Amino acid sequence: MLHAVARFCRLRGDNVAYICGTDEYGTATETKAIGEGLTPQQICDKYHKIHSDVYKDFNISFDYFGRTTTPSQTEIVHELFWDLEKEGKISRESMEQLFCEHCSRFLADRFAEGTCPHVGCGYEDARGDQCDGCGKLVNAVDLVNPRCKLCSKTPKIKSSNHLFIDLPKIEGKLREWFVESSKNWSSNASIICNTWLRDGLLARCITRDLKWGVPVPLEGYDDKVFYVWFDAPIGYLSITKEYTKDWEMWWKNPDQVNLYQFMAKDNVPFHGIIFPCTLTGSPKPWTRVTHLMATEYLNYEDGKFSKSRGVGVFGDQAMKTGIPSDVWRFYLLYIRPESQDTVFSWADLQMKNNTELLNNLGNFVNRSLKFVSQFYDGLVPEAKPNEDDFKVMAAVNHELFNYHNALSNVRLRDGLRHILAMTRIGNQYIQDNEPYKLIKPDRSTEDKERGASVISVSANLVFLVAVCLQPYMPDTSAKILQIMNLPDATHWRLPTALPHAVPSGCKVTKPEPLIKKITDEELQQWQLQFKGTDDSAAKCQVKKNSAVVLPAIVNVDIESLKKMIDEQGDKVRALKAGGASKADISADVATLLQLKNQLAQAQGAPAVPPAKDKKQKKA
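Residues numbered from 1 in each chain as written. Predicted model: local features only at pLDDT ≥ 70, side-chain atom pairs only at ≥ 80, totals over all residues. Heavy atoms only, no water.

Draft legend 1. How the structure looks around the sheet that holds strand 5 (residues 112–115). With respect to topology, three strands assemble into an open sheet ordered 6-5-7, the strand pairing being antiparallel. Each edge of the sheet is formed by a strand with only one pairing partner; in this case those strands are strand 6 (126–127) and strand 7 (144–148). Both strand 5 and strand 6 contribute to a ladder of two bridges, which runs antiparallel. Looking at the pairing, Glu113 lines up with Arg127 of strand 6. (Pairing = 2+ DSSP bridges. Helix = DSSP H or I, 4+ residues; strand = E, 2+ residues; numbered from the N terminus.)

In structure tokens, the structure reads:
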């Protein structure tokens, strides 16, 4: 979503550095590498290219897309660590950790799994750093019935010395900064961080017993690396350094730089509390976030996206549908979950494409420019606007003002709607005046001048729409301006009023349709292709209240039930090892428990206790 803001800021003349990248250290990388039989570096190289290709396909205009496995990252992480150490903001403690004797390693973060220890949750597949069931942070040693992710054996508790960032010593200064900075944040980001501050900050461990990460430069701790959530946000700095030698003009210049960061709400504490504490604890004038914009969740049709089950369309699949990147950008920004969860729907995508883009925006642009090419040999006629024209201009300027205001305050959905409002005004303007009738040979000179004025004003409105559209649909914007024989929008400044940028005599070529209709056949094809599969031994249907309905198994012998249980158990373990979401795993766990209950009944044994309904308990 930041790509639209970056393009908007460039259009209004701001000096912009749009930086992104892949954070590549930590247990997530190690576990993924083990699962794919690759080294951590190989897995990072593989997925960095995948991400980079997806962003190129979507026409994301990064100034630089980098990564954290660089010497610059190590250098800046060490700089900040030594700043904190010299300021007395680093403490040392011995921690009890889970240690797997079978694997001969400490089980940091995702290498440990077990039942969530938080009251009212009880999710059985919580990780050693966070529970996906309740969303709360977890200490691995607090897991109930812990197990090693690699070998599934029960670990022991063993002590290990670690370094902590002393957040209570930094909290006072952080609160002063937060009061001012959070005024520009999204509501949910502010609420999440307020909750953390309300409860008071605690010292936080910043080291891990791992090999893959930024090494700790302190004697006695040189067998450890920094925790990924200590080093990953520092990647913004190091990637900027990889981009420009003047990186400190961005990152040590808080009075001159506005820092925008965009993310899902589950990443807010690390960007709104932990990382700012790291920068605040240093004596140097680091630039801290001024606009922290968090979204709610985007769901898929009547459920959730799930890559492991093939439910939903993902970045590396989107371009293979044949839908242009501009249409993807338009729709995803149109349904952006800015204040509440929203839903991706193929039927809604079809409707928005065929109505808002094709019938509204595309129709206005095509009609306006076709009048010029068809009736004036491609030369924009002279305009002599009257009072009615000025009223239309005023209505357009009102939408343009609101467009500026919306994007300046990162209300991207509203900004897009104001563009569509401009084209609706344009369509109505043409409908009311019918210039194609006024310019007929048998009409009066006055009528012909009137028709020419309407066509000229419409052409200038097309120009304005093309420029405003550039942050959202850059390819479509460039095509419109190309038809008008004008440079693309990167050569223009965003107007504050409907401009007279297309004077009489400006050459316009014959327009081609901008938007392709999405047919019902295509809709049905995509719905089928991305609905996912369920190849479980016993099919199940998960309803909205999380109740699971299984078909009755009649006249099945005990050995067959045991075989079905083994197969279902293998499937559940595979989903867990593959990093599937809680929602994906829950249905198959419920199937497994039901099969076990039927086996227990067949054997005359007590039934297996049902899985707890986490959603109801959480509610």
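Having seen it, we continue.
Draft legend 2. Spotlight on the environment of Glu434. Inspection of the secondary structure assignment puts Glu434 in the loop between helix 15 (412–433) and helix 16 (435–438). Expressed as a C-alpha distance, the spacing of Glu434 and Gly451, which sit 17 residues apart in the sequence, is 7.7 Å.

Draft legend 3. Local environment of the nonpolar core. Counting 88 residues, the largest nonpolar core has Phe344, Trp346, Tyr403, Ile419, Met422 and Tyr472 as its most contacted members. It is helix 17 (residues 445–469) that provides the largest number of residues to this core, a total of 12 residues. Of all hydrophobic cores here, the second largest spans 47 residues; its members include Ile76, Ile165, Leu237 and Phe270. (Core = buried A, V, L, I, M, F, W, Y, C linked by side-chain atoms within 4.5 Å. Buried < 20%, exposed > 50% of the residue type's maximum accessible area, 1.4 Å probe, protein only.)

Draft legend 4. Focus on the pattern of salt bridges. Inspection of every chain in the model, using the stated rule, returns 37 salt bridges. Notably, a salt bridge pairs Lys252 with Glu79, separated by 3.1 Å at the nearest N-O pair. Within this pair, whereas Lys252 is found in the loop between helix 9 (248–251) and strand 12 (260–264), its partner Glu79 is found in helix 4 (residues 71–86), the two being separated by 173 residues in sequence. Of the charged contacts, one joins Asp348 and Lys352 as a salt bridge, the two residues approaching to 2.5 Å between their closest N and O atoms. Of this pair, Asp348 and Lys352 both sit in helix 13 (residues 346–375), four residues apart, which is roughly one turn of the helix. Exposure class is identical for Asp348 and Lys352. Each is buried. (Salt bridge = Lys/Arg side-chain N within 4 Å of Asp/Glu carboxyl O.)

Draft legend 5. Representation of the sheet that holds strand 4 (residues 105–106) in the model. The antiparallel open sheet is built from four strands, whose spatial order is 4-3-8-9. Two strands lie at the open edges of the sheet, namely strand 4 and strand 9 (204–205), each paired on one side alone. Relative to strand 8 (residues 156–165), strand 3 (residues 90–100) is paired through 10 bridges, and the arrangement is antiparallel. In the strand pairing of strand 8, Glu96 is matched with Ser159.

Draft legend 6. Expanded view of the packing of aromatic side chains. Under the counting rule described, the total for this entry stands at 29 aromatic pairs. Here Trp328 and Phe344 contribute two aromatic rings whose centre-to-centre distance is 6.0 Å and whose plane-to-plane angle is 15 degrees, an arrangement assigned as stacked. Within this pair, whereas Trp328 is found in helix 12 (residues 325–334), its partner Phe344 is found in strand 15 (residues 342–344), the two being separated by 16 residues in sequence. Members of the aromatic cluster, joined through ring pairs, are Tyr300, Phe305, Phe314, Trp328, Tyr331, Phe344, Trp346, Trp526 and Phe530. A cation over an aromatic ring shows up here: Arg105 above the ring of Phe111, its NZ or CZ 4.1 Å from the ring centre. In this structure, Lys158 is placed above the aromatic ring of Phe99, and the distance from its NZ or CZ to the ring centre is 4.2 Å. (Phe/Tyr/Trp six-rings, centres within 6.5 Å; stacked < 30°, edge-to-face > 60°. Lys NZ or Arg CZ within 6 Å of the ring centre and 35° of its normal.)

Limitation: the analysis is restricted to geometry and does not speak to function.
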